[in-house]
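Secondary and tertiary structure notes
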Amino acid sequence: MTIKKGLSYKEAISEIEGILQQIENDEPDVDQLSEKVKRLSVLVTWCREKLHQTEEEIEKILKDIEKS
Amino acid sequence: MTERLSLSELNGAVKKVLASNFTTPVWVVGEISEINIHSNGHCYLTLIEKGDSEDRIVAQARATIWSYTFRMLRPFFETTTGQQLTDGIKVLLQVSVEFHEMYGFSLNVRNIDPTYTLGAQALKRREIIRRLTDDGVITMNKELELPLVPQKIAIISSPSAAGYEDFMEQLANNSNGYKFYTKLFPAVMQGNQAEQSIVNALDRIYPHEDFFDVVVMIRGGGSQVDLSCFDNYNIAYHITQFPLPVLTGIGHEKDDSIADLVAHTRLKTPTAVAEFILDGVAAFEVRMNLMQQETISLIENRMEEEKELLEELTDELSRLVRDQLGNKKKELREHSWRFQQEIKLTLQHSEHRIGKILQRAGFLVDRYFLVHRQKIDKARNILDVKIPGSVQGRMEILDHYIEKCNHLAVKRIDHEKHRIELAGQKAILSDPANILKKGYSITTVRGKLVKEVALLINEEVLKTRFYDGNVLSKIIEIKPGKS
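Residues numbered from 1 in each chain as written. Chains lettered and ligands numbered in written order. Predicted model: local features only at pLDDT ≥ 70, side-chain atom pairs only at ≥ 80, totals over all residues. Heavy atoms only, no water.

Below, the discussion takes up the overall build of chain B. When its secondary structure is counted, chain B shows 10 helices and 14 strands. The buried share among the 483 residues of chain B stands at 31%. Put simply, 62% of the contacts in chain B that link residues at least 6 apart link residues at least 24 apart. Counting only carbon and sulfur atoms, one obtains 56% of the accessible surface of chain B, whose full area is about 32,600 Å². (Helix = DSSP H or I, 4+ residues; strand = E, 2+ residues; numbered from the N terminus. Buried < 20%, exposed > 50% of the residue type's maximum accessible area, 1.4 Å probe, protein only. Contact = heavy atoms within 4.5 Å. Areas by Shrake-Rupley, 256 points an atom, 1.4 Å probe, with all protein chains shown as cover.)

Structure follows, in structure tokens:
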């Protein structure tokens with residue numbers, strides 16, 4: 001289960017919301033629940049890291065902009 | 001000969017003319033092009049009047065506000081208009097016209113009418129707003145969607161502004177430890193150069209619209225704020241057309257500038273902009289955490305429910321199994337009973353059949369015997385006819401033997417008779433009576449002959465037979481051993 005490149009916070013949060021809704025509606029069966037929980041955890045971790053940790057890639061782009 | 005005047009005489013004459021023509025102060029409209037507040041508290045102004053084209057000055061004059069007056073006028077103006085008495089604004093001043101031989105023409109400011117400035121500004125603002133509305137662009141930046149997490153921020157500010165530092169510090173030291181990526185696009189944020197400088201900064205950000213989330217336009221705080229440059233059509237138009245949301249924090253208290261009006265979100269100070277961004281990010285994180293918790297607790301509930309259901313099913317199943325077992329047992333008992341019954345019936349039936357067979361067998365045997373007996377009888381009859389001849393012969397032999405036996409028997413009897421006679425004579429001699437006569441006795445106890453003392457018991461009664469009678473005696477002592 002991976003995070004696609006260039007995922008936005010908006011996409012992440014709507015996916016999280018989607019999972020919550022599915023579970024509220026009792027949609028996934030018990031076997032699917034664990035998949036949903038895993039996905040949720042991956043998304044939340046991704047968001048938290050992105051919120052708190054420096055991404056080298058972005059820093060590099062920022063430096064390139066400064067040069068221009 | 002032309003009359004010659006000294007410069008002082010001339011200046012003195014001008015002064016007189018002016019003094020006589022301007023005996024009372026007059027109200028004059030002008031724009032402040034320069035303003036200097038001296039350390040002694042006096043304020044020196046340059047007033048101008050622009051032509052219709054706005055870039056040509058058609059009149060200019062120096063003006064002075066003496067410190068005593070300035071101390072009162074300045075707060076009055078600033079509190080009423082909400083803006084500083086500064087260059088670039090139009091003012092209505094009450095002035096006395098003065099001429100000094102040494103310093104020339106100048107206006108001594110006695111009073112100021114802030115309502116004129118307000119009106120002039122309002123008129124200018126209204127005009128700009130009308131144009132933006134007519135262009136159909138006034139709400140365009142507001143219609144842009146503000147990213148949930150504005151993390152990559154393009155900043156338009158003066159690099160040296162205190163507000164910029166406040167903003168950067170606020171972002172960098174946020175208590176939640178959020179990471180932000182900022183890039184300053186320096187611009188002049190006040191005065192006449194501000195318009196072009198700000199527009200240039202926007203143009204430099206534009207190629208990186210995909211990278212940045214938001215544009216922040218900030219200016220140092222405090223009361224030294226001059227808003228007039230933000231009441232500018234060109235800046236406002238560029239903001240409306242910008243593809244990223246623009247947040248303003250240009251530090252003023254009262255009215256919004258046009259830039260504020262068209263910006264996506266207007267905030268009072270650079271610090272407020274930073275807080276707004278941080279609040280947005282925090283709200284995102286809180287929302288995400290809540291949804292995560294909600295999801296987890298839902299799943300926990302769900303698992304609990306499933307567990308209960310499973311337990312119920314297990315109970316149900318074991319109950320069913322129990323019932324089923326009970327039923328089967330009962331069935332089995334019934335079957336076994338019926339089986340027994342059937343066996344009994346079958347046995348009875350078989351017994352009956354065996355009886356019948358036996359009966360039949362008996363009958364057959366009887367018949368068999370009967371048949372054979374008849375055969376035997378027949379055979380016997382045959383024998384009866386055949387046998388008598390041979391029997392006759394045998395009988396004669398037998399008669400012969402019998403005769404011989406009789407003869408031998410008579411001979412033997414005679415012999416034995418003779419022997420018995422001899423024995424009789426001998427027996428008379430050994431008769432016990434004859435022995436008793438000779439002095440012997442016979443002792444018995446319990447009807448038995450006493451031959452040894454070992455069989456006797458004390459006090460026992462002994463019977464002793466003599467030749468002429470019997471004596472009963474009691475044993476007094478037994479003495480074994482030879483007498």
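A separate point is helix α4 (residues 162–172) of chain B. Residues and elements named next belong to chain B. All of the buried residues in α4 are G163, Y164, F167 and L171. All buried residues of α4 lie within an arc of 105 degrees about the axis, which places them on one face of the element. With respect to the buried face of α4, the exposed residues turned more than 90 degrees away are E165, E169 and A172. (Arc of directions from axis to C-beta.)

Contact with chain A, which involves 32 residues of that partner, is made by 31 residues of chain B. With both sides pooled, the region where chain A packs onto chain B buries about 3,000 Å², and carbon together with sulfur makes up 70% of that total. Counting the surface chain A buries against chain B, the share from its top three residues, I13(A), L51(A) and I65(A), is 21%. Where chain A touches chain B, the interface holds three salt bridges. (Buried area = accessible area lost by both parts, 1.4 Å probe. Salt bridge = Lys/Arg side-chain N within 4 Å of Asp/Glu carboxyl O.)

All names here are of chain B. With a phi close to 50 degrees, R446 is a non-glycine residue in the positive phi region. The topology assignment puts R446 in the loop between β11 (442–445) and β12 (448–449). Judged by its relative accessible area of 59%, R446 is exposed.

What follows covers the side chain of R219(B). Checked against the element boundaries, R219(B) lands in the loop between β8 (214–218) and α6 (233–241). In this structure the side chain of R219(B) is engaged in a polar contact, spanning 2.7 Å, whose partner is the backbone oxygen of M189(B). (Polar contact = N/O pair within 3.5 Å; in protein donor to acceptor, adjacent residues only side chain to side chain.)

Right, let's get into the packing of helix α3 (residues 114–135) of chain B against α6(B). All names here are of chain B. For the pair α3 and α6, interaxial distance at closest approach is 10 Å and the crossing angle is 35 degrees. The two elements α3 and α6 cross, and the hand of that crossing is right-handed. Residues I128, R131, L132 and D135 of α3 pack against Y233, A236 and Y237 of α6. (Axes fitted to C-alpha atoms, helices over the stretch in contact; angles between N-to-C directions. Left-handed = near helix turned anticlockwise from the far one by under 90°.)

With that settled, the discussion passes to a negative patch on the surface. Residues and elements named next belong to chain B. There is a patch of like negative charges on the surface, built from E304, E305, E308, E311, E312 and D315. Locating E311 in the fold gives a position in helix α8 (residues 270–386). Residue classification places E311 among the partly exposed positions, given a relative accessible area of 44%. (Patch = residues over 30% accessible without salt bridge, like charges linked within 9 Å, V, L, I, M, F, W, Y side chains within 5 Å. Lys, Arg positive; Asp, Glu negative; His and termini not counted. Charge placed at Lys NZ, Arg CZ, Asp CG, Glu CD.)

We now examine helix α2 (residues 30–52) of chain A. Between the first and last C-alpha of α2(A) there are 33 Å, a value that for 23 residues agrees with the 33 Å anticipated at 1.5 Å per step. Here α2(A) has its buried residues at L33(A), R39(A), L40(A), L43(A), V44(A), W46(A), C47(A), K50(A) and L51(A). (Expected span 1.5 Å × (residues − 1).)

A word on the pairing of strand β7 (residues 181–186) of chain B. The element β7(B) is extensively covered by neighbouring structure, given that five of its six residues are classed as buried. Handedness of the β-α-β unit built from strand β6 (residues 152–157) of chain B, α4(B) and β7(B) comes out right-handed. (Right-handed = clockwise from strand over helix to strand, strands pointing away.)

Counting 41 residues, the largest nonpolar core has I153(B), F167(B) and I277(B) as its most contacted members. Put simply, the parts of the chain that give this core at least two residues each are α1 (9–24) and α2 of chain A together with β6, α4, β8 and α8 of chain B. Per element, the largest residue contribution to this core is 11 residues, and it comes from α8(B). Excluding its chain neighbours within four sequence positions, the residues that come into contact with F167(B) are I153(B), I155(B), V216(B), I218(B), P270(B), V273(B), A274(B) and I277(B). Of all hydrophobic cores here, the second largest spans 36 residues; its members include F185(B), I198(B), C229(B) and A259(B). (Core = buried A, V, L, I, M, F, W, Y, C linked by side-chain atoms within 4.5 Å.)

Next up on the list: the side chain of N141(B). By secondary structure assignment, the location of N141(B) is in the loop between α3 and β6. Of note is the side chain of N141(B), whose polar atom sits 3.0 Å from the backbone oxygen of L244(B).

Chain-level pLDDT for chain B is 88 on average; 95% of the residues reach the 70-or-more range. Among the scores for the predicted complex, ipTM is 0.91 and pTM is 0.58. (pLDDT = per-residue confidence, 0-100.)

All names here are of chain B. Remark: helix α2 (residues 67–81) packs on α3, axes separated minimally by 9 Å, with the N-to-C direction vectors making an angle of 35 degrees. For α2 against α3, the interelement crossing comes out right-handed. Every residue of α3 that contacts α2 at F76, F77, T80 and T81 is listed here: P114, T117 and L118. For the contact of α2 with α3, the residue count by class is four nonpolar, three polar and no charged. (Nonpolar A, V, L, I, M, F, W, Y, C, P; charged D, E, K, R; others polar.)

All names here are of chain B. The full count for this structure, using the stated rule, is 22 salt bridges over all chains. Among the ionic pairs, R302 bridges to E306, the shortest N-O distance being 3.3 Å. Here E306 and R302 lie together in helix α8, a separation of four residues that amounts to about one turn. Under the relative-accessibility criterion, E306 is labelled partly exposed at 27%. Here the residues in one salt-bridge network are E127, R130 and D134, joined through shared partners.

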